[in-house]
Amino acid sequence: MKTSELIKLLGTFLPSSPVKVSIDGELNPIGKVYHEPSNTFIQAGNGGEIATVFDLIERLNAIDKSVPFDASVVSGDDWNYMVVQGVSTVGEALVISLSEPVFG
């Protein structure tokens with residue numbers, strides 16, 4: 001999923017909704033979001049730096065301003081990453097679902 005698609009999709013949810021990433025069926029807080037050409041990475045982490053939909057949209061917009069193209073949003077390693085497959089809700093939380101690793 002491209003950054004612009006994810007930002008648009010996130011905009012349809014309540015900004016105060018908690019946001020999680022699903023890895024191997026387990027819900028994890030988002031610890032870090034960063035850009036490493038040619039992808040933007042969403043990484044799980046205990047710190048929960050990105051706690052709400054609003055926080056995630058703000059971070060993606062900040063990256064989008066500095067990146068001259070519409071990056072794919074992924075997670076994992078730069079060489080064996082998982083792509084964002086979709087966004088759903090589980091209870092009050094917004095959940096970002098990831099694919100299997102591309103080389104898995």
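Residues numbered from 1 in each chain as written. Predicted model: local features only at pLDDT ≥ 70, side-chain atom pairs only at ≥ 80, totals over all residues. Heavy atoms only, no water.

Engineer: So what exactly am I meant to see when it comes to the overall build of the protein here?
Structural biologist: A count of helical and extended segments in the protein gives two helices and six strands. Taking 104 residues into account, the globule formula puts the C-alpha radius of gyration at 13 Å, and the protein, at 12 Å, falls close to it. Look at the contacts in the protein between residues 6 or more apart in sequence, and 55% of them connect residues 24 or more apart. One finds the centroid of the 6 positive side-chain charges in the protein at a distance of 7 Å from the centroid of its 13 negative side-chain charges. (Helix = DSSP H or I, 4+ residues; strand = E, 2+ residues; numbered from the N terminus. Rg over C-alpha atoms; globule rule 2.2 N^0.38 Å. Contact = heavy atoms within 4.5 Å. Lys, Arg positive; Asp, Glu negative; His and termini not counted. Charge placed at Lys NZ, Arg CZ, Asp CG, Glu CD.)

Engineer: I'm lost on the nonpolar core in this one. Help?
Structural biologist: In globular proteins that are soluble, nonpolar side chains generally tend to be buried together. Judged by nonpolar contacts, the single largest core of 22 residues is most densely connected at Leu10, Ile30, Val33, Ile42, Leu56 and Ile96. Elements supplying a minimum of two residues to this core: α1 (3–10), β1 (19–23), β2 (26–36), α2 (53–66), β5 (81–90) and β6 (93–98). A per-element tally of this core places α2 first, with five residues. Non-local contacts of Leu56, meaning those with residues more than four positions away in its chain, are made with Leu10, Val19, Ile30, Val33, Ile42, Ile50 and Ile96. (Core = buried A, V, L, I, M, F, W, Y, C linked by side-chain atoms within 4.5 Å. Buried < 20%, exposed > 50% of the residue type's maximum accessible area, 1.4 Å probe, protein only.)

Engineer: For this particular structure, what's the right way to read the packing of aromatic side chains?
Structural biologist: Given two aromatic rings, their pairing is described by the distance between the two centres and the angle made by the two planes. Tallied over the full model, the rule gives one aromatic pair. Lys32 extends its terminal NZ or CZ atom over the ring of Tyr34, reaching a point 5.2 Å from the ring centre. (Phe/Tyr/Trp six-rings, centres within 6.5 Å; stacked < 30°, edge-to-face > 60°. Lys NZ or Arg CZ within 6 Å of the ring centre and 35° of its normal.)

Engineer: Explanation requested: the sheet that holds β5 in the structure shown.
Structural biologist: As a general point, the strands of a sheet are linked pairwise by backbone hydrogen bonds and lie either parallel or antiparallel. Strand order in the closed barrel formed by six strands is β1-β2-β3-β4-β5-β6, with mixed pairing between adjacent strands. On average, adjacent strands in this sheet sit at an angle of 50 degrees to one another, irrespective of strand direction. In the sheet, β1 pairs with β2 via four bridges, with the strands oriented antiparallel. Residue Lys20 lies in a different strand from β2, and its bridge partner there is Pro29. Each of β1, β2, β3 (39–44) and β6 is contacted by α2, which is oriented at about 20 degrees to β2, the strand it contacts most. (Pairing = 2+ DSSP bridges. Axes fitted to C-alpha atoms, helices over the stretch in contact; angles between N-to-C directions.)

Engineer: I'm lost on a nonpolar patch on the surface in this one. Help?
Structural biologist: Nonpolar side chains collect at one region of the surface, where Trp79, Val102 and Phe103 lie side by side and expose about 380 Å² of accessible area between them. One can find Trp79 in the loop between β4 (72–76) and β5. (Patch = residues over 30% accessible without salt bridge, like charges linked within 9 Å, V, L, I, M, F, W, Y side chains within 5 Å. Areas by Shrake-Rupley, 256 points an atom, 1.4 Å probe, with all protein chains shown as cover. Salt bridge = Lys/Arg side-chain N within 4 Å of Asp/Glu carboxyl O.)

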